[in-house]
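Below, each chain spelled out in residue letters.
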Amino acid sequence: MRVEFLGGVRTVTGSATLLEKSSLKWLVDCGMFQGGKELEERNRNVQHYYPEELSFILLTHAHIDHSGLIPKLIKEGFHGKVICTKATRELCEVMLQDSAHIQEMEAEWQNRKSRRAGGEEAGPLYTIKDAERSLQYFQTIGYDEVLQIKDGVKVRFQDAGHILGSAMIEIWVEEEGKEKKLVFSGDLGNSDQPIVRDPSLVKEGDVLWLESTYGNRLHKSREETIQELLGIIQKAIRHQAKVIIPAFAVERTQDIIYTIGQLIRKGFIPSVPVYIDSPLAISATEIFKRNSDCFDQETRALLLSGENPLNLPELIYTQTPEESKTINKDTRPGIIISASGMCDSGRIQHHLKHHLWRESSHIVIIGYQAEGTVGRRIVDGAKTIRFFGEEIAVKAHIHTLGGFSAHADQKGLLEWLSHFNNPRLEVFVNHGEEKTSMGLGELIRQQFHFRTAIPQWREKRFLFASEKEMMPEMVTPEKVVPEERVEEVLAHGGTWSALFRHLDRNYKKLRRKLKRERLKGKEFTDPRWLRQLEEINEKLEKLESEL
Ligand SMILES: [Zn+2]
Ligand SMILES: [Zn+2]
């Protein structure tokens with residue numbers, strides 16, 4: 001069978017893997033690229049996802065970097081099923097609409113600019129209507145249930161402990177009478193996380209896709225992190241100041257509500273106003289409350305004792321922009337939680353504009369900040385940040401608290417991997433920045449001796465022995481040059497080695513295609529093909545005799 005890495009490789013966003021077995025094509029995840037113009041340009045053209053030919057999409061969880069291009073694919077002709085857990089479907093309902101809303105607003109803003117410059121207008125990636133319509137394609141599956149799909153393909157979703165409804169996906173395929181198993185870790189949770197359960201363990205597999213967001217880092221313990229947060233809140237209360245927390249609407253926000261609730265319940269801090277300024281976070285919190293069957297034991301015990309783990313004495317939800325504006329008039333010390341988590345869009349930008357320049361304010365970064373985002377620039381120590389055309393000085397206290405992460409750290413990833421019992425396991429390290437994935441890949445090679453690769457964007461490979469002669473050796477990443485990169489090298493003056501690689505690649509591609517066609521029982525009768533091949537051959541011979 002064939003695989004093509006369409007996203008979430010050497011970057012944390014745009015997760016998507018295309019799998020192809022005979023005439024059956026399907027995707028695991030269909031995420032949006034985020035973090036800069038160049039990367040986001042990839043969201044525009046999805047023809048290489050084969051939207052019309054895809055049979056189904058397996059969705060690990062609701063985060064936009066995994067689900068965000070589903071409405072776009074449906075717009076382009078996908079008409080199969082999106083298979084995911086019930087909580088993922090519910091979260092996607094609000095998250096895809098929120099994403100569509102952002103797309104519409106951005107397109108409008110861009111078009112206004114473009115009109116003024118006399119340029120052309122472009123539509124949004126998809127609209128709120130497209131997002132709504134896409135929900136009818138969703139089909140839910142329970143955790144641990146085995147679903148027989150088509151042509152010998154079976155799947156099972158197990159709890160990944162990352163966000164509500166998140167799953168790792170096991171896929172069984174039949175290859176020449178033998179059963180093979182693919183495993184997608186999805187985003188793997190942090191076993192210290194409250195509310196959701198710990199990640200499930202998998203022992204068997206032939207090929208694994210392993211995320212690596214924090215493959216180069218160790219989180220501080222949850223206990224230490226809570227102590228740090230406590231210190232920050234106490235200081236803000238003493239100075240009548242505000243704590244601003246940019247948070248992903250799903251999971252991080254609920255985690256913070258839960259944690260502040262525990263600090264108040266235990267008497268460590270007095271009750272302070274906590275604003276949840278994100279309509280998406282409000283809807284997500286409601287979905288959490290409806291899906292308490294996904295909670296871990298501790299949270300369920302709290303529920304049973306009559307406490308609502310997602311409630312606080314002074315929890316203030318602000319739905320409308322008008323309500324949101326009143327927050328800045330409140331002079332009491334307090335906490336503002338708002339999205340987006342990477343500070344790239346949404347109401348958090350207004351709060352940052354209002355507080356970044358104040359020396360007494362505290363900005364607490366709790367989630368992953370991808371390269372190219374505003375959040376990353378703040379963490380990296382930018383002196384000023386531009387919001388809505390205005391340069392804002394960064395004077396506030398900036399804190400980064402890794403222990404609230406919804407991702408396993410390096411130790412957690414390796415521990416999870418250690419449960420696999422197949423010494424011939426092949427591992428694709430994905431969902432991480434380039435250096436991080438490479439570093440983790442190296443560690444895995446050293447510790448477990450598994451064959452490991454860090455795929456490139458748009459790289460294609462064959463899996464399993466029957467096609468061994470067609471399968472390039474699992475090589476270290478430096479040796480793999482994707483077509484785009486080859487073209488780039490050629491464009492910049494060109495080198496002999498790049499030319500030969502290009503030639504080799506094209507020849508192999510052609511052979512593979514011809515072989516595949518023959519396997520399908522096709523005879524080659526088109527005389528044009530034959531003539532063209534003869535011509536190429538003649539040219540090569542001529543060139544060779546000239547050299
Ligand atoms: Zn995620
Ligand atoms: Zn992700």
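All of the points below concern the structure found in this document.

Rules used in this analysis
- Residues numbered from 1 in each chain as written.
- Chains lettered and ligands numbered in written order.
- Predicted model: local features only at pLDDT ≥ 70, side-chain atom pairs only at ≥ 80, totals over all residues.
- Heavy atoms only, no water.
- Salt bridge = Lys/Arg side-chain N within 4 Å of Asp/Glu carboxyl O.
- Helix = DSSP H or I, 4+ residues; strand = E, 2+ residues; numbered from the N terminus.
- Buried < 20%, exposed > 50% of the residue type's maximum accessible area, 1.4 Å probe, protein only.
- Patch = residues over 30% accessible without salt bridge, like charges linked within 9 Å, V, L, I, M, F, W, Y side chains within 5 Å.
- Areas by Shrake-Rupley, 256 points an atom, 1.4 Å probe, with all protein chains shown as cover.
- Donors = N, O, S within 2.8 Å, 3.2 Å for Na, K, Ca; no water.
- Tetrahedral: all angles 85-135°; square planar, octahedral: opposite > 155°, others 65-115°.

1. Considering the pattern of salt bridges
Stage number 1. Scanning the model with the defined rule gives 29 salt bridges in all.
Stage number 2. The salt bridge involving Arg-290 is made with Glu-90; its shortest N-O contact spans 3.0 Å. A residue pair is termed long-range when its members are at least 10 positions apart, and Arg-290 in helix H8 (residues 279–290) and Glu-90 in helix H4 (residues 86–116) qualify at 200 residues.
Stage number 3. With relative accessibility at 13%, the residue Glu-90 sits in the buried group.
Stage number 4. Ionic pairing is found between Glu-170 and Lys-181, a salt bridge with its closest N-O pair at 2.8 Å.

2. Some details on a nonpolar patch on the surface
Stage number 1. Together, Phe-500, Leu-503, Leu-510, Leu-533, Ile-536 and Leu-540 give the surface a local cluster of nonpolar side chains, amounting to about 540 Å² of exposed area.
Stage number 2. Breaking the nonpolar patch down by element, the ones donating at least two residues are helix H16 (496–519) and helix H17 (527–546).
Stage number 3. By secondary structure assignment, the location of Ile-536 is in helix H17.

3. What about the coordination of the zinc ion (ligand 2)?
In a perfect tetrahedron of four donors around a metal, the angles come out at 109.5 degrees. In a perfect octahedron of six, they are 90 or 180 degrees.
Stage number 1. Donor atoms from the polypeptide that bind the zinc ion (ligand 2) are Asp-65 (OD), His-66 (NE2), Asp-187 (OD) and His-431 (NE2), placed at 2.1 to 2.2 Å.
Stage number 2. In this structure, the zinc ion (ligand 2) is coordinated by four donor atoms arranged in irregular fashion, with angles at the metal of 90 to 166 degrees.
Stage number 3. All donors of the zinc ion (ligand 2) belong to a single chain; written as a sequence motif, their spacing is D-H-x120-D-x243-H.
Stage number 4. Metal-to-metal, the separation of the zinc ion (ligand 2) and the zinc ion (ligand 1) is 3.3 Å; Asp-187 coordinates the two. Here His-431 lies in the loop between strand E20 (426–430) and helix H14 (434–448) and His-66 lies in helix H2 (residues 64–67), a separation of 365 residues in the sequence.
Stage number 5. A residue is classified by how much of its surface remains accessible, and His-66, at 1% relative accessible area, is buried.

4. Quick notes on the coordination of the zinc ion (ligand 1)
Stage number 1. The zinc ion (ligand 1) binds to the protein through His-61 (NE2), His-63 (ND1), His-162 (NE2) and Asp-187 (OD); the donor distances cover 2.2 to 2.3 Å.
Stage number 2. Geometry at the zinc ion (ligand 1) is irregular, judged from its four donor atoms and the angles of 92 to 163 degrees they form at the metal.
Stage number 3. Written as a sequence motif, the donor arrangement for the zinc ion (ligand 1) is H-x1-H-x98-H-x24-D.
Stage number 4. For His-61, a relative accessible area of 0% corresponds to the buried category.

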